[in-house]
Amino acid sequence: MATKTKYIFITGGVLSSLGKGIASSSLALLLKARGYSVTIAKFDPYINVDPGTMNPFQHGEVYVTDDGAETDLDLGHYERYIDDSLSKRNNTTTGQIYHEVITKERKGQYLGKTVQVVPHITNEIKRRMSAFDGEYDVVIIEIGGTVGDIESFPFMEASRQFSLERGRGNVLNIHLTYVPFIKASGELKTKPTQHSVKVLMENGIQPDILVCRSEHKLNKEIRAKIALFCNVEEDSVIEALDAETIYEVPNMFAKRNFDNIVAKKLGLTAERQRLTTWTRFVNRIKSPESEVTIAFVGKYIQHQDAYKSIVEALIHAGAINNTKVNFKWIDSETLPDENVDEVIGKVDGMLVAPGFGQRGIEGKIDAIRYVREANIPFFGICLGMQCCVIEFARHVVGWEDANSGEFKKVEHNVIDLMNEQREITDKGGTMRLGSYPCAVKKGTKAYKAYGETLIDERHRHRYEVNNEYVAQLEEAGLVVSGTSPDGKLVEMVEIPEHPWFVGVQFHPEFKSRAVKGHPLFTAFVKAAMQVHK
Ligand code: GLN
């Protein structure tokens, strides 16, 4: 089948966490800077249908797209780098593939055949790999996991078949490996890379380009050795040193000619534009004019990947404000109710994170009371917003029992399930998910940040502010600054007398892009910068 779309597969070897997501995003950015349309798709070998049901301790953040897909956190990197909104088509899992194939089998669609990994599973994988045919100039496909994992085999096999069918010049295989430095002998070692490529070749895949992560420079000799043993051209062995910030990787790749080699091999002839805006953004991150410290209150703080998009959104907002955002990580479960002030300390702002379940809730509420009374800028996201409504109901309105229906049935469930969520029993994909419009009230801090009366933000939650109590909360001074356009759901709340106290039911972090930033995060960091002036 002929198509003008070019495909790039990115696999990883030696060990996990080498940054395939950042590498894919950086390459995509460089190809976009040549005027090509590029998208990135992630294929994950786990059996969960999506990461929505996984514990953030295990899998990090669940990233939500506009169309309400719960996806791998790498999709967040993709969107932040290429400044484009992706969809459920951009993340496929083994679970989805099997679900599709088994559903077809039950409907008798395989006409009596034995249903097998090859060709039925691999065909379904290839069908999804082709989802963007003709729509983009380049599709980058990142395969999750590490080469040699049992569960990645069908993806490797599908990519091998795909490469053969599309033909050379239309598909490129890039392998990301690690070249360790052994202190005792003072040497860089290429053997793990050689072994990793060997495994890849056993799967019938000859890499075209090797991107080698290393803490030390790879000299010409090392690169020549890797090239010889791995059967790749010498200029296709790309050094990838640790970067000061992940946003510097595109510039580092450009310096190493990575995108030139990719473009040459795929016959993409357009010249790259200079990365002016991007580089300015990176420079601001690297040499900011000031610093602020934000207390980050959550229950998964030992595993900061659980809050990836929020952290990145704060970094983007810092760059816009020319300031460095330092994080003071606070475990909401260990927050005592007495000396909260000491634990939180002299911070410039406090963000209370999203989350599920009761653990850590009382700590979050205590922390919010402290910053509300101490006039420290506060930003509550999803559960963080629900906690600020509970805190306000308890300590300002005076309903001591106030709580969320998620945690305790009480007289004043100021946060509760709305009707449609009451009937749902399935766990996966059943929350209020994806992008919804929100009407912003003029004259509020939210309006000042957005400068618009109608916005769109992404959601991932079951519970809502309970409309029964809204009038009384407002009377006591909590302003509802955003609602669904029909006015039925509370989307944003704030306290006008406070320097900056804003809670949002949605997840603004999913829409913060590297060079664009998000209005609410930008306004929050700006408010934090005023605290110790
Ligand atoms: N647990 C809350 C709910 O389901 C908040 C979810 C979140 O913070 N994403 O509504």
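Residues numbered from 1 in each chain as written. Predicted model: local features only at pLDDT ≥ 70, side-chain atom pairs only at ≥ 80, totals over all residues. Heavy atoms only, no water.

**Considerations on the packing of aromatic side chains**
Then, number 1: Counting across every chain of the model gives 22 aromatic pairs.
Then, number 2: Between Y300 and Y307, the aromatic rings sit 6.1 Å apart at their centres with planes inclined by 40 degrees, giving tilted as the arrangement. For the pair shown, Y300 and Y307 are each scored as buried.
Then, number 3: Ring geometry for W500 against F524: centres 5.6 Å apart, planes inclined by 40 degrees, an arrangement best described as tilted. With W500 in the loop between strand 22 (490–494) and strand 23 (501–504) and F524 in helix 19 (residues 519–531), this residue pair connects regions lying 24 residues apart in the sequence. Each of the two residues, W500 as well as F524, counts as buried. (Phe/Tyr/Trp six-rings, centres within 6.5 Å; stacked < 30°, edge-to-face > 60°. Buried < 20%, exposed > 50% of the residue type's maximum accessible area, 1.4 Å probe, protein only. Helix = DSSP H or I, 4+ residues; strand = E, 2+ residues; numbered from the N terminus.)

**Side note on unusual backbone geometry**
Then, number 1: With omega at 10 degrees, the peptide bond leading from V118 into P119 counts as cis.
Then, number 2: Among the structural elements, P119 can be located in helix 5 (residues 117–129).
Then, number 3: A positive phi angle is found at N231, which is not glycine, with a value near 65 degrees.
Then, number 4: Structurally, N231 can be placed in the loop between helix 8 (220–230) and strand 11 (237–241).

**Here we look at the site of the ligand**
Then, number 1: The local shell around the ligand consists of P354, G355, F356, C382, L383, Q386, E406, R460, H461, R462, Y463 and H507.
Then, number 2: L383 is positioned with one of its backbone polar atoms (N or O) 3.0 Å from an oxygen atom of the ligand.
Then, number 3: One nitrogen or oxygen atom from the main chain of Y463 is found 2.8 Å from an oxygen atom belonging to the ligand.
Then, number 4: By residue class, the composition of the shell around the ligand is five nonpolar, four polar and three charged. (Near = heavy atom within 4 Å. Polar contact = N/O pair within 3.5 Å; in protein donor to acceptor, adjacent residues only side chain to side chain. Nonpolar A, V, L, I, M, F, W, Y, C, P; charged D, E, K, R; others polar.)

**Description of the pattern of salt bridges**
Then, number 1: Applying the stated rule across the entire model yields 41 salt bridges.
Then, number 2: E187 is the partner of K189 in a salt bridge, and the nearest nitrogen-oxygen pair spans 3.1 Å.
Then, number 3: Take K189: its relative accessible area is 33%, and that puts it in the partly exposed class.
Then, number 4: By sharing partners, the salt bridges in this structure join D66, E79, D83, R458, R513 and K516 into a single network. (Salt bridge = Lys/Arg side-chain N within 4 Å of Asp/Glu carboxyl O.)

**As for a nonpolar patch on the surface**
Then, number 1: Where nonpolar side chains cluster on the molecular surface, the patch consists of Y98, I102, V117, V118 and F153 and spans about 390 Å² of accessible area.
Then, number 2: The set of elements that each furnish at least two residues to the nonpolar patch consists of helix 4 (94–106) and helix 5.
Then, number 3: By the element assignment, V118 lies in helix 5. (Patch = residues over 30% accessible without salt bridge, like charges linked within 9 Å, V, L, I, M, F, W, Y side chains within 5 Å. Areas by Shrake-Rupley, 256 points an atom, 1.4 Å probe, with all protein chains shown as cover.)

**Describing helix 6 (residues 153–166)**
Then, number 1: For helix 6, which comprises 14 residues, the first-to-last C-alpha distance of 20 Å matches the rise-based estimate of 20 Å (1.5 Å per residue) to within 8%.
Then, number 2: Counting buried positions over the 14 residues of helix 6 gives ten, a clear majority of the element.
Then, number 3: All buried positions along helix 6 are accounted for by P154, F155, M156, E157, A158, S159, Q161, F162, S163 and R166.
Then, number 4: Trailing helix 6 by a residue or two, G167 shows a phi angle of about 90 degrees, which is positive. (Expected span 1.5 Å × (residues − 1).)

**Re the sheet that holds strand 17 (residues 413–417)**
Then, number 1: With mixed pairing, the three strands of this open sheet are ordered in space as 16-17-20. Only two strands of the sheet have a single neighbouring strand rather than two, namely strand 16 (403–404) and strand 20 (463–465).
Then, number 2: Pairing analysis gives two bridges linking strand 16 to strand 17, with the strands arranged parallel. Residue N403 lies in a different strand from strand 17, and its bridge partner there is N413.
Then, number 3: The strands that helix 15 (residues 383–397) touches are strand 16, strand 17 and strand 20; relative to strand 17, the one it contacts most, it runs at about 145 degrees. (Pairing = 2+ DSSP bridges. Contact = heavy atoms within 4.5 Å. Axes fitted to C-alpha atoms, helices over the stretch in contact; angles between N-to-C directions.)

**Quick word on the packing of helix 1 (residues 20–32) against helix 3 (residues 74–82)**
Then, number 1: Running from N to C, helix 1 and helix 3 cross one another at 25 degrees; their axes reach a closest spacing of 9 Å. Put simply, helix 1 runs roughly parallel to helix 3. Regarding helix 1 and helix 3, the two cross each other, and that crossing is right-handed. Contact residues: helix 1 offers G21, I22, S24, S25, S26, A28, L29 and K32, while helix 3 offers D74, H77, Y78, Y81 and I82.
Then, number 2: Grouping the amino acids of the contact of helix 1 with helix 3 by side-chain chemistry returns six nonpolar, five polar and two charged. (Parallel < 35°, antiparallel > 145°, perpendicular 65-115°, else oblique. Left-handed = near helix turned anticlockwise from the far one by under 90°.)

**Brief notes about the side chain of E494**
Then, number 1: Along the polypeptide, E494 turns up in strand 22.
Then, number 2: At 4.9 Å, K445 is the nearest oppositely charged side chain to E494, a buried residue that forms no salt bridge.
Then, number 3: Reaching out from E494, the side chain makes a polar contact with the backbone nitrogen of K445 at a distance of 2.6 Å.
Then, number 4: Among the polar contacts listed, one links the side chain of E494 to the side chain of S481, at a separation of 3.0 Å.
Then, number 5: Those residues in contact with E494, other than ones at most four positions away along the chain, are T444, K445, A446, G477, L478, V479, S481, F501 and V502. (Lys, Arg positive; Asp, Glu negative; His and termini not counted.)

**Brief notes about the pairing of strand 10 (residues 209–214)**
Two faces belong to every sheet, and in a regular strand the side chains alternate between them.
Then, number 1: Along strand 10, five of the six residues are buried, which leaves the element largely enclosed by surrounding structure.
Then, number 2: Here strand 7 (residues 171–178) runs beside strand 10; their pairing, made up of five bridges, is parallel. Paired with L176 across the strands is V211, a residue of strand 10.
Then, number 3: By the bridge criterion, five bridges tie strand 10 to strand 11 in an arrangement that is parallel.

**With respect to the nonpolar core**
Then, number 1: Formed by 51 residues in total, the largest nonpolar core has its most connected members in I8 and V262.
Then, number 2: It is helix 1 that provides the largest number of residues to this core, a total of seven residues.
Then, number 3: When near neighbours in sequence (up to four residues on either side) are disregarded, V262 contacts I8, L27, L31, L172, I174 and I209.
Then, number 4: Core analysis: the next-biggest nonpolar cluster, separate from the first, contains 41 residues, A367, I368, Y463 and L473 among them. (Core = buried A, V, L, I, M, F, W, Y, C linked by side-chain atoms within 4.5 Å.)

**As for the packing of helix 11 (residues 276–286) against helix 12 (residues 308–320)**
Then, number 1: Interaxial distance between helix 11 and helix 12 falls to 9 Å at its minimum, and their mutual angle equals 95 degrees. By the angle between their axes, helix 11 is roughly perpendicular relative to helix 12. Touching F281, R284 and I285 of helix 11 are I315, H316, A319 and I320, all from helix 12.

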